[in-house]
Amino acid sequence: MRRKNMLSSDVLESTGVNSARCYQCGKCSAGCPLAGEMDFTSNTVMRMLQVEEDAADRQLLQSQSIWLCVSCEMCISRCPMEIDIPKVMDYLRQKSLQEGLQSRKSNKNIIPFHRAFLDSIKYTGRLYEVGLVLGYKLRTLNLWQDLNIAPRMFLKGKLPLLPELVKGKKQLSNIFKKTKK
Ligand code: SF4
Ligand code: SF4
């Protein structure tokens, strides 16, 4: 029986993904483009949830893997059990922030990028590149990084000065409010 208060139970309750269904075939990790960079590959993430141990849960929430996942969905397309790993990774990122376990040195640039990206979606409903870059730079103080490519991108129309806003701003704001709860 699944133990209460374990990460796997939270994952199941919040995402509907039952990690116990994974039978460790490894197909997800074999196709993951980021597997080589991850500290725990996607099938290992599933295994760590399955063991239901506090230490494994904590290690997972402190891991770099959850921040490296780009939600490309290659894993779910290969998984014979159709386990939605990107959804799990997304949940684990939020949980990691909630529990304050995200502060590992190796994640120091990924998390500000994640926050800047979400801000862009929250305020414009789209990816607003200039806002994303500014948000990221202000958070990391990497002010000069990649600055040399900005003029070229601007001339090619890749950096619009004003954001394009979506119509359903109210619905968007409701989604964020609901998610925060
Ligand atoms: S969604 Fe994440 S875990 Fe799945 S293949 Fe893509 S990067 Fe890897
Ligand atoms: S492909 Fe699916 S069943 Fe196989 S290891 Fe990955 S999550 Fe588990």
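That block above? That's the structure.
Caption draft 1: Broad picture of the overall build of the protein chain. Scanning the protein chain from N- to C-terminus turns up 11 helices and zero strands. Along its sequence from the N terminus, the protein chain presents helices and strands in the succession α-α-α-α-α-α-α-α-α-α-α. Relative to all contacts within the protein chain whose residues are 6 or more apart in sequence, the contacts with residues 24 or more apart total 65%. Counting every atom, the protein chain has about 11600 Å² of accessible surface; 55% of that belongs to carbon and sulfur. Charge separation in the protein chain, taken as the distance between the mean sites of 29 positive and 17 negative side-chain charges, equals 6 Å.

Caption draft 2: Geometry of the site of ligand 1. Every residue near ligand 1 is listed here: Cys32, Pro33, Cys69, Val70, Ser71, Cys72, Glu73, Met74, Cys75 and Pro86. For the shell around ligand 1, the class distribution of residues is eight nonpolar, one polar and one charged.

Caption draft 3: Region of interest: the site of ligand 2. In the neighbourhood of ligand 2, the contacting residues comprise Cys22, Tyr23, Gln24, Cys25, Gly26, Lys27, Cys28, Asn43, Cys79, Pro80, Ile83 and Ile85. Residues of the shell around ligand 2, tallied by class, amount to eight nonpolar, three polar and one charged.

Caption draft 4: Expanded view of helix H1 (residues 7–15). Regarding H1, the residues found buried are Leu7, Ser8, Ser9, Val11 and Thr15. Contact partners of the buried residues in H1: helix H3 (42–51), helix H4 (54–61) and helix H7 (85–98). Positive backbone phi, approximately 80°, marks Gly16, located one or two places after H1.

Caption draft 5: Inspection of the packing of helix H8 (residues 110–124) against helix H11 (residues 169–180) at higher detail. With their axes 8 Å apart at the nearest point, H8 and H11 run at an angle of 140° to one another. Relative to H11, the element H8 lies oblique. In this structure, H8 contributes Leu118, Ile121, Lys122, Tyr123 and Thr124 to the contact, and H11 contributes Lys169, Leu172 and Phe176. Here the residues of the contact of H8 with H11 are counted per class, giving five nonpolar, one polar and two charged.

Caption draft 6: Structural context of a positive patch on the surface. A cluster of basic side chains, namely Lys170, Lys177, Lys178 and Lys181, defines a positive patch on the protein surface. Structurally, Lys170 can be placed in helix H11.

Rules used throughout
Residues numbered from 1 in each chain as written. Chains lettered and ligands numbered in written order. Predicted model: local features only at pLDDT ≥ 70, side-chain atom pairs only at ≥ 80, totals over all residues. Heavy atoms only, no water. Helix = DSSP H or I, 4+ residues; strand = E, 2+ residues; numbered from the N terminus. Contact = heavy atoms within 4.5 Å. Areas by Shrake-Rupley, 256 points an atom, 1.4 Å probe, with all protein chains shown as cover. Lys, Arg positive; Asp, Glu negative; His and termini not counted. Charge placed at Lys NZ, Arg CZ, Asp CG, Glu CD. Near = heavy atom within 4 Å. Nonpolar A, V, L, I, M, F, W, Y, C, P; charged D, E, K, R; others polar. Buried < 20%, exposed > 50% of the residue type's maximum accessible area, 1.4 Å probe, protein only. Axes fitted to C-alpha atoms, helices over the stretch in contact; angles between N-to-C directions. Parallel < 35°, antiparallel > 145°, perpendicular 65-115°, else oblique. Patch = residues over 30% accessible without salt bridge, like charges linked within 9 Å, V, L, I, M, F, W, Y side chains within 5 Å. Salt bridge = Lys/Arg side-chain N within 4 Å of Asp/Glu carboxyl O.

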